[in-house]
Every structure is written in structure tokens, then in C-alpha cells.
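# Descriptive structure summary
Residue strings, one per chain:
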Amino acid sequence: MTASIPCLATVSEIRAALAEARAGGDSIGLVPTMGALHEGHLSLIRAARAENDVVVVSIFVNPTQFGPNEDLKRYPRDLEGDGLLCAEAGADLIFCPSAGEMYPEPYSTWVEVEGLTGGLCGRSRPGHFRGVCTVVSKLFNICDPERAYFGEKDAQQLAVVTRMVRNLDFPVEIVPCPTVREADGLAMSSRNARLSPQERAQAPVLYRALSAAYDRVRAGERDAPALDRLIRSILAGAPLGEVDYVEIVRADDLTPVATLSGENLMAVAVRFGETRLIDNVRVSA
Ligand code: AMP
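The text that follows walks through the structure, step by step, so that each part is easy to find. (Residues numbered from 1 in each chain as written. Predicted model: local features only at pLDDT ≥ 70, side-chain atom pairs only at ≥ 80, totals over all residues. Heavy atoms only, no water.)

## Looking at the site of the ligand
What counts here: Here a residue is near a molecule or strand as soon as one of its heavy atoms is found within 4 Å of it. Polar contact is defined as a pair of N or O atoms within 3.5 Å, subject to the rule that within protein one atom must be able to donate a hydrogen and the other to accept it, and that residues adjacent in sequence are counted only when both atoms are side-chain atoms. Only the protein chains shown count as cover for residues, with accessible areas throughout obtained via the Shrake-Rupley method and a probe of 1.4 Å. Labels follow the DSSP assignment, with helices taken as runs of H or I lasting at least four residues and strands as runs of E lasting at least two, numbered in each case from the N terminus. Each residue receives one of three labels: charged for Asp, Glu, Lys and Arg, nonpolar for Ala, Val, Leu, Ile, Met, Phe, Trp, Tyr, Cys and Pro, and polar for the others, Gly being one of them.
Taken together, 17 residues are adjacent to the ligand, and His41, Gly151, Asp154, Val180 and Met188 come closest. A distance of 2.8 Å is found between a nitrogen atom of the ligand and a backbone nitrogen or oxygen belonging to Val180. Compared with its free state, where it exposes 490 Å², the ligand has 94% of that area covered by protein. For the shell around the ligand, the element with the highest residue contribution is helix α2 (residues 39-51), accounting for 3 residues. For the shell around the ligand, the per-class residue count stands at 8 nonpolar, 7 polar and 2 charged.

## A few points about the packing of aromatic side chains
Condition: Any two of the Phe, Tyr and Trp rings considered here, Trp counted by its six-membered ring, make a pair once their centres fall within 6.5 Å; the pair's planes then place it as stacked at under 30 degrees, edge-to-face at over 60, or tilted in between. Buried means the residue's accessible area, taken with a 1.4 Å probe over protein chains only, is under 20% of the maximum for its type, while exposed means over 50%, and partly exposed covers the values in between.
Throughout the structure, instances matching the rule amount to 6 aromatic pairs. Aromatic pair Tyr103 and Tyr107: ring centres 4.9 Å apart, planes at 85°, arrangement edge-to-face. Judged by its relative accessible area of 10%, Tyr103 is buried. The exposure class of Tyr107 is partly exposed, given its relative accessible area of 22%. For the ring pair Tyr107 and Trp110, a centre distance of 5.3 Å and an interplane angle of 75° mean the geometry is edge-to-face.

## Remarks on the sheet that holds strand β6 (residues 173-177)
What counts, and what does not: Any two strands with at least two DSSP-identified bridges between them are counted as paired. Any two residues whose heavy atoms approach within 4.5 Å at even a single point are treated as in contact. A fitted line through C-alpha atoms serves as each axis, taken over the contacting stretch for helices, and the angle formed by two N-to-C directions is quoted from 0 to 180°.
The strand order β1-β4-β3-β2-β5-β6 describes an open sheet built from 6 strands, whose pairing is parallel. The open sheet has two edge strands with one neighbour each: β1 (7-8) and β6. Across 2 bridges, β1 lies against strand β4 (residues 93-95) in parallel orientation. Bridge pairing in β4 places Cys7 opposite Ile94. In this fold helix α1 (residues 11-23) packs onto β1, β2 (28-33), β3 (54-59) and β4, with an angle of close to 150° to the strand it touches most, β4.

The values reported here are purely geometric and, on their own, carry no functional implication.
This is the structure:
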């Protein structure tokens, strides 16, 4: 049995715990999450464990990154189970603040990254990345980590946070981690638990469509509209899914491309009922 690890809920407690570690010369790795942990999160924690003396996992369902009609209330929560998984994966500390702790009244300061947030998820989730950047900035200020771990599954988030760190001179290395998938290709996500059995059966269509497009690029296709059509035709095979977007963009600045060259990202978002799933693959051309 794995011993449980401390779960600290206030900024002053986590600061005190980390100040002690830092004074002893320890490096700190931070894994920001919204909890309901799965193997994707655990891969980030293990990567942090391998590279840092102290590993902090933050578990905070950040209200400011949810839109008014999104699933904040229904977002899965399991702090007890998460604590055990964090301990098993080798984390040392959990930071699990309340919304009031993170956004003390009056709260009026926001971090916004322009340019990278207009397309992909930014288009259908206005304000989402402002919430993400604000909470990630706060977590960096609170924990002052040497390294922070982010999943490639949320490719736009990774690009936006990387740009923010460079632009605002946060002294932290952003470490990208590959997408962890179920055996049938579905990218792991806390939201997968909310799919009905019928929706779950159709959800692997995202990765199937992206993989087919990837193979087509490897075979020489460079025309983005042709790849877009291929992806959409495969997504159409899942009648319970409603396409939010299909986008083919440059991997560095997320601008749409007509003809693939260099590093590209092919990304999709599909709604199954109330549940919105995203996935992406990188491909060089
Ligand atoms: P979330 O709890 O969904 O906010 O995710 C917390 C972190 O875990 C983010 O950096 C995500 O990109 C990452 N993550 C979520 N799902 C996966 C996955 N299937 N594979 C790799 N990383 C993931």
C-alpha cells in the first residue's frame, strides 16, 4: 500500500513547504491538473519524478477557464482517488486550493496571450485561454518550479503557455509530454468518463481520422483542404459526434495552412452530447 501524501489547500502552506525544499537545494517540478486523474496525468507526474527532487501536483478545477454554458458543475471530481494515484506515481505534494483561495475577492487581474488563441479551441471557447494563462501564472508564482509538465493532447494550451512563459520571462522550463491513449486510440481524458456506452464506442473516430490524414501526408499529400475533407469524411462515420472544428495549422504559431510544409498540427474537436473531445497529431512535411 502506498502512503498518502500531503494535500495542502492554501497558498501560504504550499509556499512554506516548497521554501523548505528549495532552501535545501531541491529542484521543483510542477504538474498542473484539474484532477480526475488518469494514465495521461500520471505520465506527466512520472516524467516530473524522473527530473526533479520535489514533485508537486496541483488539482484545481479552474472556474475561470469554463464558459457559462460549459461543464464546470459536472466536471468529474475525485480528490481521494487522485491522492492515491499521485502517491503511486511518485508525487510528493498536492496543492488543492479552493476557488476562493485562488481568486480572493476583489479579483481583477488576468493574463491574456494574443494571437495564438483565436482559432481551434479558442474560437468555440472564448475566454478559455485567459483563464488557463491566469491560473498557470498564479501556479508558477506560488510554486516557483524549475520545470512544469504539460500534455501534447492539449496542443493549443501547450503552445499558449510556452509563448506566455517566453513573453513574461517566467523562469520555468515547459516540458511537453506525449498524448497517452486507450488501446483503441482514444486520447485519455477526464471527460471520457462522461460518455455513454454508445458515445464511447464511437469516440475513437477522432484518432482514426487523424491517423488516416497522417498516413496520407506520409504518402505525399500536402493539400490541407484535401486532408480536411478526408478527416471530415471519417468523422462523419460517427453519427453521435458533431464536429466543432477540423484545423490544419503550423505547429509553432497555429496559423492555418493551405499547403503543408515544416511542422504541422492537425487538430479536431467533436461533441458527443454534452461532452466535447479534442485530439491532434503533429506531422512534418
Ligand atoms: P487536465 O486535468 O485535463 O487539465 O490536464 C492536466 C494536464 O494533463 C494537461 O497538461 C493535459 O494536457 C495533460 N493531459 C491530459 N490528458 C492527457 C493525455 N491523454 N496524455 C497526455 N497528457 C494529458
